[in-house]
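If you want the building blocks of each chain, they are given just below.
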Amino acid sequence: MKGMKEPLILLFTRDGDFAQSVREAVSETGATVLVARDVRDGLQIVWQRGRELDFALMDFDDGCRGRTLLSAVHNCYERLPIVVTTSEKAEHASFLAYANGARTCLKKPLSVAVLAKAITDVTDNAASSTSRGLTKPKYYEANYRSEFSPRAC
């Protein structure tokens, strides 16, 4: 289908197993996943591609760094849908996530099916024209080392 926009997703996680679950969850959507393993790379992706993003998926298992990125992304692009994942033991993280702009907060461990449904719900709302199943998803590991100015959001 020509003219259909594939979803562009920011994934912030250091958890390789979780990243693999996300890859499986979006395998039918044709989505492009931009993976950030640290806050600097996440901010760089937002700086360079923020207006193109359909949604962000942020793993809060990494402590305050995830909350820092969530807050920064939400301040620059408050309409960007953000899904946050937390560990079962981090009750306070859900409250912090919602307070900093998360649309949905999911507790890990998550099945691929639950993750896929959350992603589908967000991408269907954010980008109503996706070419589901027609294109192989693309993944990019952030490796940005150019100059970055957070004031430019």
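This text goes with the structure placed above it.
Conventions we followed
- Residues numbered from 1 in each chain as written.
- Predicted model: local features only at pLDDT ≥ 70, side-chain atom pairs only at ≥ 80, totals over all residues.
- Heavy atoms only, no water.
- Helix = DSSP H or I, 4+ residues; strand = E, 2+ residues; numbered from the N terminus.
- Buried < 20%, exposed > 50% of the residue type's maximum accessible area, 1.4 Å probe, protein only.
- Contact = heavy atoms within 4.5 Å.
- Salt bridge = Lys/Arg side-chain N within 4 Å of Asp/Glu carboxyl O.

## Digging into the environment of L57
- Along the polypeptide, L57 turns up in strand β3 (residues 55-59).
- When its relative accessible area of 0% is taken as the criterion, L57 is described as buried.
- Note: C-alpha distance between L57 and V83 (26 residues apart in sequence) is 4.8 Å.
- Those residues in contact with L57, other than ones at most four positions away along the chain, are L10, L11, F12, F18, V22, V83, T85, L115 and I119.

## Focus on the pattern of salt bridges
- Enumeration over the complete set of coordinates arrives at four salt bridges.
- One salt bridge in this structure joins R49 and E52, with 3.0 Å as the shortest N-O distance.
- Take R49: its relative accessible area is 27%, and that puts it in the partly exposed class.
- Classification of E52 by relative accessible area gives partly exposed; the value is 37%.
- K108 is the salt-bridge partner of D59, the closest N and O atoms lying 3.0 Å from each other. Placement of D59 in strand β3 and of K108 in strand β5 (residues 104-108) is noted, with a sequence separation of 49 residues between them.
- Take K108: its relative accessible area is 11%, and that puts it in the buried class.

## Brief notes about the environment of E78
- Tracing the backbone shows E78 in the loop between α3 (64-76) and β4 (82-87).
- Here the alpha-carbon distance between E78 and A102, two residues 24 residues apart in the chain, equals 9.7 Å.

In short, geometric facts, not functional conclusions.
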